[in-house]
Structure formats: C-alpha cells, structure tokens
Amino acid sequence: MRRFWQRAKDEDHKSAGEVAAAAAAEPEPLPEPDPSAAAFFDVDNTMMRGASIYYFARGLAARKLFTMRDLAMFAWGQAAFRLRGTENSEHIGSAKEAALSFVAGQRVDKIVALSEEIYDEVMADRIWHGTRTLALQHLDEGQQVWLVTATPVEVARTIAHRLGLTGALGTVAETRDGLYTGRLVGNLLHGPAKAEAVRALAQREGLDLARCAAYSDSINDLPMLTAVGHPHAVNPDPELRAHARENGWPVHDFRTGRKVTMVALPVAAGAGAVAGGVFAGVALRRHYRT
C-alpha cells in the first residue's frame, strides 16, 4: 500500500512538471547582434542622480576608511568649486594626483568588493529609470552599451555590471602589488579624454562611430557627443540643452518639473567638479593634519 501511494505521488509530481513545462511561454528570441553599433552613457546626472564618487566616498566613510570630516570637506570643496563656475585645466591638473588619494594603500580587491556593497546600499535607488530604459533599448537591438565616466573604473564597472550593461570606461588608478598608490594613470577621464576613450574602444571593437549613440547631461561632454553619429542630451544643463536644440538632438529630461534633483550635496557639474571637490578635501585634510 505504501509503495502504491509513493508511486502515485511520483506520478503526480511528474504530471505537474510536464503540465508546467507545456504551459510555459515560448522564450523571447535573442536580439540579432549588431556588432558595428554601440551606445555610450555618462554616469553622473545622466545614468544616476548626483555624483557617483561622492556616494562611493560616503560609503567608505561609513566603513571608517574615509573620515566624516574628510567627507564634509569633500562636499564643501565640491560645492565651492561649483560656485566658482567653469572648470579649468590648471585645477584639473592639480586634482589629478589627489583625486584617489583617499584609497591610497588600500587593496584593490577590497575596494572592488566595497564598491559592490556601496552600490547596493547607496547608488541603486538613484539610477534614473528612464535612462536605464534607453540603455536597455540599445541592448535589445543587439548593441553594446558602455558607461563612460570620470568615476574610478572599479566603481564604474560595478555600476555597469549591476545594470546588465556591456562594460565601463573610467578613470584608472595606479596600483602596485595589488595596492592603490593614490595616483592616477594618465589623466581623469573627462571632457576630450572621454572622446578619445570612445574612439579607442571603437577601434578595438570594430565599431562604426557614425552608427553609435552617446548620452550625457553636461556641455563638458560635447567632445564625446560629437564623436558619434547619434548624440542625445539627458537631464541637460542649460548650455547643453541650448546646443541640443540648435542642432536638433533628442533631449530626454527625467527630472521632476525639469529641475535638478539635489541629493546629499550640490551635484557635480562634470568630472572637474568631482575632482575639484576631492582635491579641496584632500588639501584641507593635509592642512589640518600638518
């Protein structure tokens, strides 16, 4: 009797499984690869509300890797730099060596793991759903989708991975024996450097830039936007909005009432503002410590 009931139960399970499989919807066909086209997205205020490196620094501060006073000075420096107005090469040059000094001596694998934790805790809720939808549309068309940002490449890769994108181009920090030295390799990935990175990637991947698209909120990314055949303005600053209108570029604004969302501090007006904030914070930190 026991074996009979066991056999009946096994048959019930099998029948239920077969019925479920038969009722399953046919899977959506995978998009045909489009190997010669790609889309490039800026991060700060384009893909995400606010400055990603500030959120990263805030996460490090919460873990005692970056003091709250350092964070306050970082925010002050960023705001002060924004109030001063336009970016300049002298300031960005000074920021070059200081921008990642707060991770000097830290292990690369540790910072990579922390960037994943910090994304989940602080950044995930700040992704613009409208911008992500634009990125997913390119993926649905079989195209590569890359983030291009002045944010450290480890953080940028985490964001790209969490969003299901192809990859990320970001500022590269110098490492030695698995540790950060606190210096950068080359320059910040900012302004014209973004365009050069896109061109270099296009050559490596066999992309036709005339078929590619780029998305940004800032007039500072004009070199990248004009390097492709399909530029788009996303949550644009006034200068970029005017330029986009004059040239017939699509404009996507996901901000409530077309006003910039203020998150935690005045958002960075481009990579130089981020670097400027870091530099000011680091300079003040060194001043107080000496």
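The following paragraphs examine the structure supplied in this document. (Residues numbered from 1 in each chain as written. Predicted model: local features only at pLDDT ≥ 70, side-chain atom pairs only at ≥ 80, totals over all residues. Heavy atoms only, no water.)

When helices and strands are counted, the chain shows eleven helices and eight strands. In the chain, buried positions account for 50% of the 290 residues. In the chain, once contacts between residues fewer than 6 apart in sequence are set aside, the share between residues at least 24 apart is 67%. Taken as a whole, the chain presents about 14800 Å² of accessible surface, with 53% of it coming from carbon and sulfur. (Helix = DSSP H or I, 4+ residues; strand = E, 2+ residues; numbered from the N terminus. Buried < 20%, exposed > 50% of the residue type's maximum accessible area, 1.4 Å probe, protein only. Contact = heavy atoms within 4.5 Å. Areas by Shrake-Rupley, 256 points an atom, 1.4 Å probe, with all protein chains shown as cover.)

Another aspect to go through is helix α2 (residues 52–62). α2 sits mainly inside the fold: nine of its eleven residues count as buried. Here α2 has its buried residues at Ser52, Ile53, Tyr54, Tyr55, Phe56, Ala57, Gly59, Leu60 and Ala61. Where α2 terminates, the next one or two residues include Lys64, which has phi positive at roughly 65°.

Looking now at the packing of aromatic side chains. Per the counting criterion, the structure on display carries two aromatic pairs. Centre to centre, the rings of Tyr54 and Tyr55 are 5.9 Å apart; their planes meet at 65°, and the pair counts as edge-to-face. A relative accessible area of 7% places Tyr54 in the buried class. Judged by relative accessible area, Tyr55 falls into the buried class, the value being 0%. Positioned over the ring face of Trp128 is Arg49, at 5.3 Å from the centre of the ring. (Phe/Tyr/Trp six-rings, centres within 6.5 Å; stacked < 30°, edge-to-face > 60°. Lys NZ or Arg CZ within 6 Å of the ring centre and 35° of its normal.)

The next point concerns the sheet that holds strand β3 (residues 167–171). The sheet built from six strands is open, its strands ordered β3-β2-β1-β6-β7-β8 with parallel pairing. Across the chains shown, the open sheet's two edge strands, defined by having one partner strand only, are β3 and β8 (251–252). For strand β1 (residues 38–41) and strand β2 (residues 144–152), the ladder comprises four bridges, and the chain directions are parallel. Opposite Phe40, over in β2, you have Trp146 as the bridge partner. (Pairing = 2+ DSSP bridges.)

Another aspect to go through is the nonpolar core. Phe41, Met47, Met123, Leu147, Ile159 and Leu165 are the most contacted members of the largest nonpolar core, which totals 34 residues. Those elements that provide at least two residues to this core are β1, α2, α5 (108–123), α6 (129–140), β2, α7 (153–163) and β6 (213–216). Sorting elements by how many residues they give to this core places α5 first, with six residues. Apart from residues lying up to four places away in sequence, Phe41 is in contact with Met47, Thr131, Leu134, Ala135, His138, Val145, Trp146, Leu147, Val148 and Tyr215. By size, the runner-up hydrophobic cluster in this structure holds 21 residues, among which are Ala38, Leu189, Ala214 and Trp249. (Core = buried A, V, L, I, M, F, W, Y, C linked by side-chain atoms within 4.5 Å.)

So, about unusual backbone geometry. Phi is positive for Asn45, close to 70°, though the residue is something other than glycine. As for its position among the elements, Asn45 is in the loop between β1 and α2. Even without being a glycine, Asn235 presents a positive backbone phi close to 45°. Position of Asn235 among the secondary structure elements: in the loop between β7 (230–234) and α10 (238–247). Its relative accessible area of 2% is what places Asn235 among the buried residues.

Bringing the side chain of Thr149 into the picture now. Turning to its location among the elements, Thr149 is positioned in strand β2. With a relative accessible area of 1%, Thr149 lands in the buried category. There is a polar contact of 3.0 Å between the side chain of Thr149 and the backbone nitrogen of Thr151. (Polar contact = N/O pair within 3.5 Å; in protein donor to acceptor, adjacent residues only side chain to side chain.)

Attention now goes to the pairing of β1. Covered by surrounding structure in β1 are Ala38 and Phe40 together with Ala39 and Phe41, the residues of both alternating faces. Summarising the sheet, β1 and β6 pair through three bridges and their orientation is parallel. In the sheet register, Phe40 faces β6, and the bridge partner there is Ala214.

Time to look at the packing of α2 against α5. Following both chains from N to C, one finds α2 and α5 inclined at 105°, their axes separated by 9 Å at the closest point. One way to sum up the angle between α2 and α5 is to call them roughly perpendicular. For the pair α2 and α5, the contacting residues are Ser52, Tyr55, Phe56, Arg58, Gly59 and Leu60 in the first and Ile111, Leu114, Ser115, Ile118, Val122 and Met123 in the second. A per-class count over the contact of α2 with α5 returns eight nonpolar, three polar and one charged. (Axes fitted to C-alpha atoms, helices over the stretch in contact; angles between N-to-C directions. Parallel < 35°, antiparallel > 145°, perpendicular 65-115°, else oblique. Nonpolar A, V, L, I, M, F, W, Y, C, P; charged D, E, K, R; others polar.)

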